[in-house]
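# Residue-level structural notes
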Amino acid sequence: MEQNTPKFRLKLNLFDGIVLILALGAAAFLLWRTMKPAVPAQAGPAATSTVRYTVRFQRWIPGTSGIIQPGDQIADNIKNYEIGQVVSVQAVPSRMQVTDQESRRWVWAEMEGMEDVLVTIEAPCVVSDAAITVGGGYEVRAGSLGYFRGEGYMGSGPIVAVEEVQG
């Protein structure tokens, strides 16, 4: 009597083949990423300086700008970077763009019962070809929206002016 042992046969359907190819591709990609030599970051020459920039805190209740005092430390509310010290505070009427239905264009209009607060902040910075960086990682760019906090208050708004302080 002979023993009848079936030979090993691999039967794959289409779905099994696709899953097998994807798994092998993912493994090859991960192996390639771990074996690839690290590319050093190309950074331009960086210089240490001081930057003064102005943030427009938008739509505050009139009179509440008095809680912001020169000398307050300001921090980024998202990533917790210390981004400078308040130099000056100025309350201005709050404005927003609205559609003029008659002329069919955008116009600036003052908002009743609201004010914007222009806060000028000064901080030591690193100036490179790519950006001005304060607080170890916060990039100061005119026009960018920021979320800031101080002692007892928070505000958000665009950075409206950036200047490098000489001396």
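Notes on the structure in this doc start here. As the structure is a computational prediction, the values presented were derived from the model and not from experiment. (Residues numbered from 1 in each chain as written. Predicted model: local features only at pLDDT ≥ 70, side-chain atom pairs only at ≥ 80, totals over all residues. Heavy atoms only, no water.)

Looking at the secondary structure, you find T34 in helix 1 (residues 14-35). For T34, a relative accessible area of 62% puts it in the exposed group. Sequence spacing of T34 and F15 is 19 residues, and the spatial spacing of their C-alpha atoms is 29 Å. (Helix = DSSP H or I, 4+ residues; strand = E, 2+ residues; numbered from the N terminus. Buried < 20%, exposed > 50% of the residue type's maximum accessible area, 1.4 Å probe, protein only.)

Where strand 1 (residues 47-60) lies against strand 4 (residues 105-127), 12 bridges are found, and the strand directions are antiparallel. Note on strand 4: the bridge partner recorded for V55 is V119. Pairing of strand 1 with strand 8 (residues 153-165) involves six bridges; the strand directions are antiparallel. Within the sheet, the bridge partner assigned to R52 lies in strand 8 and is E163. (Pairing = 2+ DSSP bridges.)

Moving on: the side chain of D116. Mapped onto the elements of the fold, D116 is located in strand 4. Separated by 2.9 Å, the side chains of D116 and R56 make a polar contact. In terms of polar contacts, D116 uses its side chain to reach the backbone amide nitrogen of R59, at 3.0 Å. In contact with D116, other than residues within four places in its own chain, are R56, F57, Q58, R59, Q90, A91, V92, P93, S94 and R95. (Polar contact = N/O pair within 3.5 Å; in protein donor to acceptor, adjacent residues only side chain to side chain. Contact = heavy atoms within 4.5 Å.)

Attention now goes to the nonpolar core. Core analysis: the biggest nonpolar cluster contains 21 residues, and Y53, F57, I68, V134 and F148 have the highest contact counts within it. If you list the elements that add at least two residues to this core, you get strand 1, strand 3 (82-100), strand 4, strand 5 (132-134), strand 6 (138-140) and strand 8. Leave out the neighbours within four places in its chain, and V134 touches V51, Y53, E82, I83, A123, P124, C125 and V140. (Core = buried A, V, L, I, M, F, W, Y, C linked by side-chain atoms within 4.5 Å.)

The subject of this paragraph is a nonpolar patch on the surface. On the surface, F8, L10, L12, L20 and L24 cluster together into a nonpolar patch covering about 600 Å² of accessible area. On the secondary structure map, F8 appears in the segment before helix 1. By relative accessible area, which is 74% here, F8 ends up exposed. (Patch = residues over 30% accessible without salt bridge, like charges linked within 9 Å, V, L, I, M, F, W, Y side chains within 5 Å. Areas by Shrake-Rupley, 256 points an atom, 1.4 Å probe, with all protein chains shown as cover. Salt bridge = Lys/Arg side-chain N within 4 Å of Asp/Glu carboxyl O.)

Attention now moves to the packing of aromatic side chains. Going through the model one piece at a time under the given rule, you end up with four aromatic pairs. Measuring from ring centre to ring centre gives 5.5 Å for F57 and W60, while their planes differ by 10 degrees; the resulting arrangement is stacked. Assessed through its relative accessible area of 10%, W60 is described here as buried. Judged by centre distance (6.1 Å) and plane angle (65 degrees), the rings of Y138 and F148 are edge-to-face. Taken as a pair, Y138 in strand 6 and F148 in strand 7 (residues 145-150) lie far apart in primary sequence, 10 residues in all. A relative accessible area of 10% means that Y138 is categorised as buried. Taken together, F57, W60, Y138 and F148 form an aromatic cluster joined through their ring pairs. (Phe/Tyr/Trp six-rings, centres within 6.5 Å; stacked < 30°, edge-to-face > 60°.)

This part takes up the side chain of T120. Tracing the chain through its elements places T120 in strand 4. A distance of 3.4 Å separates polar atoms of two side chains, one belonging to T120 and the other to T54. When residues no more than four places from it in sequence are discounted, the contact partners of T120 are R52, Y53, T54, Q85, V86, V87 and S88.

When the terminal C-alpha atoms of helix 1 are compared, their 32 Å separation across 22 residues agrees well with the 32 Å that a helix rising 1.5 Å per residue should span. For helix 1, the capping residue at the N-terminal end is N13, with a side-chain oxygen 3.3 Å from the backbone nitrogen of F15. (Expected span 1.5 Å × (residues − 1).)

Position of M154 relative to the elements: it lies in strand 8. Residue class for M154 comes out exposed when judged on its relative accessible area of 56%. Sequence spacing of M154 and V117 is 37 residues, and the spatial spacing of their C-alpha atoms is 12 Å. Beyond its immediate chain neighbours, meaning those up to four positions away, M154 contacts W60, N77, F148 and R149.

Read these as spatial facts, not as claims about activity.
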